[in-house]
Structure formats: C-alpha cells, structure tokens
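# Summary of the model geometry
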Amino acid sequence: MMVIKRRSLLGGAAVAGGLFAAGPFSGFLARQSTPPQPPSRIKLAPTADLRDGVPRLWVPEGFAYRSFHDTEWPVVLDDGSRLPGSHDGMGAFQAPGGNTILVRNHEVKVTGSAFGPGHVTYDPAAGGGTTTIEVTRYGEVVRSHTSLSGTHTNCCGGRMPWGTWISCEETVHGPDVAGVGNYQLRERHGFIFEVPAQGAVEPRPITAAGRFAHESVAYDPAGGALYLTEDNFAFASCFYRYLPPRAPDPLRTDGRGIADGGRLQALAVKGRPRLDLAAAQEPGAVFPVTWVDIDDPAPSFPYTAGVPAPTSEHKALRHVGDQGRDGGAALFSRLEGSTIRQGVVFFTSTQGGGRPEKDDGPFDSGYGNGHGQIWAYHCAEEVLRLVYQAPAVDGLDFPDNITTSPNGTLILCEDGANNNYVRGLTRHGQVLDIALNRLTNRAGVSREADEFAGCAFSPDGHTLFVNVLAIHGMTFAIWGPWAKLGI
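Residues numbered from 1 in each chain as written. Predicted model: local features only at pLDDT ≥ 70, side-chain atom pairs only at ≥ 80, totals over all residues. Heavy atoms only, no water.

### As for the overall build of the chain
If you tally the helices and strands in the chain, you get 3 helices and 26 strands. The proportion of buried residues among the 487 residues of the chain is 62%. Within the chain, contacts between residues at least 6 apart in sequence are counted, and of these 60% link residues at least 24 apart. Total accessible area computed for the chain in this model is approximately 17,700 Å², and 52% of it derives from carbon and sulfur atoms. (Helix = DSSP H or I, 4+ residues; strand = E, 2+ residues; numbered from the N terminus. Buried < 20%, exposed > 50% of the residue type's maximum accessible area, 1.4 Å probe, protein only. Contact = heavy atoms within 4.5 Å. Areas by Shrake-Rupley, 256 points an atom, 1.4 Å probe, with all protein chains shown as cover.)

Structure (structure tokens):
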C-alpha cells in the first residue's frame, strides 16, 4: 500500500497509510486491512405484510413492514396516471406531520408512450420517469402523483440537500442510436434530470453531466461537485464528476439546483493509466487520483428521422467513457449505487473484485468476475479507498443501491441470482442481514430472484423504505429496533 500523509477529512490529525482517524465513519476509514467478515447470524423469520397478511419478506424479530403500490394489480395515482412497475432508485424527504415524501424512479426500458401528464413529459414515446408519494412512517399512502414522465430506463439517482432528487437514465437510446423501436423516440436519452420533492418538474435534462448509462449521483456541498456512477453492463465503466458552472441556489423553487453547461471528468489513478480496479484488490487499498476531462459529454449521432439509425448501441454506450479511458481513466465493473457522508462518497461496484477480464467486451454476463466491491472516495483529498471486497461465498452478493443509516451503517440492496437480501455493512466490516425477499406472484410462482432497490431511510430514521425492482414492482416500509441490530 502506498503511504500518503495528509490531513484527515473527518477532523483527525494527519495520518499515514491511507488511514483516517475521526468521525462516525472512522470504522470504515481507519480499520486495518482485514478479510471481509461473513454475514451476522441475525435470525430472519417469515413475517406477515401488514397490508394484507401475506408473508412477502423475512425480517428480524421485533420488525414489521407494509408494502404499497404493488403493480401486480393496477394502481392509479391521484393525477389519473397509471403507475408503471420497475420501481428502482428512490429518495426520501421530510413531509409535514412526520410523514415522508418519496421520489421513486421507474426503470421502464420499452419504447411506446409516456405514462404521465404532458406538462411533466420529456419524450412522449418513452415509458420511464418518477412518481412522488407521501406516506406515513408505517407505509400508508397519503397522496401520489407523476413527477417526471417520458424518460427512459430511470435507474437510480441521488438526493440533493436542497430538497430535490436527481433521476438518472441508464441508457443512451434515442432516434440517433440503433435499437428496437428507437426511431420512434423524439429525444436523445442517457441524461440526468432534477425533480423537486414538491411541486412540478421542468422536464429538461442536464446534458453537460453526460450522455451515458447513468446509475446514481452524490453531491458534495463543500466542493460543489456532483459525483456520478456508470453501469455500462457489458463493458468497463467509469466514475465521473460533474462541475457545474455555478453553485446551486437553495432558494430556487423550480427544481433547477444543478446548472447545465459545466464540465464532466472521469477518475484516473495517478501514475497508473487505465488501472483495472474491477479486478481483485488488496484489502484497504488506497489510490491517489486525478481527473480526465471529457470533451464531448453529450454526443449526437447522425440519423434520418423515422428510420433506424446507423450508430450501434455499443458504440454510443462507450462514446463518453472511451474519451476518459483514452486519457487514462480507471476501469470499474458496473458502478451502481452511491451515497455521501461527511465528504466521502461510498459507491458500489456490483461485479468487482474477481479475476481480470481478458479483453474489453462485450460480456453477456456483465463486465467483472467478482461478487462486489464497496469504494470510498474522499472528495477534498482526492483519494480512493477500497472499503469492502466480497468473498467468493457467504458474503455480500452483487451490491447495487446503497444508503446510510442515521448511525453510519451502509445499507445495501442485493441484485444476485437468488436469495436477495437487504443488508447492512457496519463500520467494522460486519455484514448484517436485514430483509430477505420471499415473494411469490398471484399464481404462486416464486419471485425470490427479484432484486431489491431504492433503499432510503425516512428523515427521522424510523422507517427504511425499499423497492422490489421487477415489471410488477412494489415498495416496502420496514421498521423496528434498528439499534438492536447495530444499524
């Protein structure tokens, strides 16, 4: 490990070896390089859903949950929109009376028609978007409406400190890119959109933040940068930052805190161009970084309206990332969820931590041969650290969306082939089981392989909200004695 002396981001003195000494995340940032710990043996048990008494989850003793917005049955929102499925990333905001406002993505990938009203619709031929729901701390729906419509493959995103949600399109589809039905689209896709927790959205993308397979974002108030992950499934992905041309104005009421027209950059490791960080790394590895400018962040490709475009989806997907890699950007595997705490961005690499890939793809099973990595980027110091690397068995499996509990435990949604959990990762490297998917459909067929997504705690820390991402999606509110679990 490289020894780097510097001032601790979390308030401690300067230390060596990439170790950080103070603050509630000091366990993550200062523990010695130790092997990953196996999951705790917290006993999970079948528990009845308070919505209708059906046991859909296994949770710890003393915990309860209620599901809502289950699209196996038609759900109509208060504005008359029919709720789409594919519930994905989600942000939680304070509402009056102790309630929570959720802004929830819908990762609808098909081309057809928008599900929401025209004034919040970006492209009338795209089926994704966001819905906004006010719920009690026990998962009872108070009101709901469409907050963004006509976007495509809305995967994850990020909560902004001034009360907005950034929704990310995990695609580069558009009329200028080859693909089934793409010629029907009227707008380019692959951008991020800012959605206010309350009020109407202006459906306009922030194009300078890039056109690529966006997954999630995290905003650093101290430095003013927006950090973005890329889940370019079949190829290597990059970790980006977007530098807006001006600071956000928290008094704005139009949901436009992040200004367009800034600069997009990709992370590179100093002195080690194109370093393969998707491959297994030494525990606790530390890398000083630099940033590579992306000269063409929002490409448009030539096409003729109404006919399939000549530019392949693979070429379009790699256009932005290849600019970074040509300048030395690091290679990651499937960067998905991210969250920020005290100037540190934690983000997941879903298939990172295995043997290196032999070429640059495409890979039908995804780029990367591991079971997952958790990285921490220290914004002020520009240092990247490996927090966790999943072992081959009996550990975290394909981590995806991520958030933090009020006391600093990382909460992770799994996207594995079977037995998907919501899990915690403590500051001491211990993996905790929180919930296990045991869904079946109306015909009794198992849905246990459906992934969890969109984990977000209510602002008061009482309730963990989480989605099941599937065509027939649903949202859960889970509550109980979190402190007894170490969460």
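### Things to note about the packing of aromatic side chains
Counted according to the given criterion, the structure contains 18 aromatic pairs. An aromatic cluster is built from Tyr 227, Phe 239, Phe 287, Trp 291, Phe 332, Phe 347, Trp 375 and Tyr 377, whose rings are joined through pairwise contacts. Seen from the ring of Tyr 421, Arg 423 lies directly overhead, with NZ or CZ sitting 4.2 Å from the centre. The lysine or arginine in question, Arg 438, covers the ring of Trp 58, its NZ or CZ lying 5.5 Å from the ring centre. (Phe/Tyr/Trp six-rings, centres within 6.5 Å; stacked < 30°, edge-to-face > 60°. Lys NZ or Arg CZ within 6 Å of the ring centre and 35° of its normal.)

### Describing the side chain of Glu 215
Within the element layout of this structure, Glu 215 appears in strand β11 (residues 214-220). Although Glu 215 is buried, it makes no salt bridge; Arg 334 carries the closest opposite charge, 6.5 Å away. Not counting residues within four places of it along the chain, the set of residues in contact with Glu 215 comprises Cys 155, Cys 156, Gly 157, Cys 168, Glu 170, Thr 229, Asp 231, Leu 335, Glu 336, Gly 337, Asp 400 and Asn 401. (Lys, Arg positive; Asp, Glu negative; His and termini not counted. Salt bridge = Lys/Arg side-chain N within 4 Å of Asp/Glu carboxyl O.)

### A short note on the pairing of strand β15 (residues 286-293)
Within β15, 6 of the 8 residues are buried, which leaves it mostly tucked inside the rest of the structure. Alignment of β15 against strand β19 (residues 383-389), held across 3 bridges, turns out to be antiparallel. If you follow Phe 287 over to β19, its bridge partner there is Leu 384. (Pairing = 2+ DSSP bridges.)

### Focus: the sheet that holds strand β3 (residues 64-68)
By definition, the strands of a sheet pair up through backbone hydrogen bonds, in either a parallel or an antiparallel sense. Strand order in this open sheet of 4 strands is β3-β26-β25-β24, and the pairing throughout is antiparallel. Both edges of this open sheet fall to β3 and β24 (451-457), since each of them pairs with a single strand only. Strand-to-strand twist of the sheet, defined as the mean angle between neighbouring strand axes without regard to direction, takes the value 25°. Where β3 meets strand β26 (residues 474-479), 5 bridges bridge the pair, whose relative direction is antiparallel. Paired with Ser 67 across the two strands is Phe 476, which belongs to β26. (Axes fitted to C-alpha atoms, helices over the stretch in contact; angles between N-to-C directions.)

### Examining unusual backbone geometry
With an omega dihedral of 10°, the bond running from Gly 361 to Pro 362 counts as a cis peptide bond. Mapping Pro 362 onto the fold places it in the loop between β17 (344-349) and β18 (373-378). The phi angle at His 69 is positive, at roughly 55°, despite the residue not being glycine. Its location among the elements puts His 69 in the loop between β3 and β4 (87-94). With a relative accessible area of 10%, His 69 lands in the buried category. In the Ramachandran plot, Arg 274 falls in the positive-phi region, its phi being about 55° despite a non-glycine side chain. Residue placement: Arg 274 occurs in the loop between β14 (263-269) and β15.

### Considerations on the nonpolar core
With 23 residues, the main nonpolar core has Phe 476 and Ile 478 as its most contacted residues. Looking at this core, the elements with two or more residues in it are β2 (55-60), β21 (410-414), β23 (431-437), β24, β25 (463-469), β26 and α3 (482-485). Residues within four places of Ile 478 in sequence aside, it is in contact with Leu 57, Phe 63, Ala 64, Tyr 65, Ala 435, His 462, Thr 463, Leu 464 and Val 466. (Core = buried A, V, L, I, M, F, W, Y, C linked by side-chain atoms within 4.5 Å.)

### Overview of the confidence of the model for the chain
Per-residue confidence for the chain averages 91 on the pLDDT scale, and 90% of its residues sit at or above 70. Throughout residues 1-25 the model reports pLDDT below 50, and contacts reaching past four residues in sequence, or to other chains, amount to 76 contacts. Here residues 30-34 is a poorly scored stretch, pLDDT under 50, and it has 14 contacts once near neighbours within four places are set aside; other chains count. (pLDDT = per-residue confidence, 0-100.)

### What about the pairing of strand β6 (residues 128-135)?
β6 sits mainly inside the fold: 8 of its 8 residues count as buried. What you see with β6 is no split at all: Gly 128, Thr 130, Thr 132 and Glu 134 on one side and Gly 129, Thr 131, Ile 133 and Val 135 on the other are buried throughout. Count of turn residues in the β6/strand β7 (residues 141-151) antiparallel hairpin: 5 residues, of which Gly 139 carries a positive phi of about 75°.

### Some remarks on the sheet that holds β4
Strand order in the open sheet formed by 4 strands is β4-β5-β6-β7, and the pairing between neighbours is antiparallel. Taken across any chain shown, the strands that pair with only one partner, and hence form the sheet edges, are β4 and β7. Averaged over all pairs of adjacent strands, the angle between their axes in this sheet comes to 20°, without regard to strand direction. Pairing between strand β5 (residues 100-106) and β6: 7 bridges, direction antiparallel. Bridge assignment links Arg 104 to a residue of β6, and that residue is Thr 131.

### With respect to the pattern of salt bridges
As enumerated under the stated definition, the model contains 20 salt bridges in all. With a shortest N-O distance of 3.7 Å, Arg 442 and Glu 72 are connected by a salt bridge. With Arg 442 in the loop between β23 and β24 and Glu 72 in the loop between β3 and β4, the pair connects residues that are 370 residues apart, well separated along the chain. Residue classification places Arg 442 among the exposed positions, given a relative accessible area of 57%. Across the pair Arg 423 and Glu 414 runs a salt bridge, and its minimum N-O distance is 2.6 Å. Considered together, Arg 423 and Glu 414 belong to a single accessibility category, that of buried residues. Several salt bridges converge on common partners, so that one network encompasses Asp 49, Arg 51, Asp 52, Arg 56 and Asp 70.

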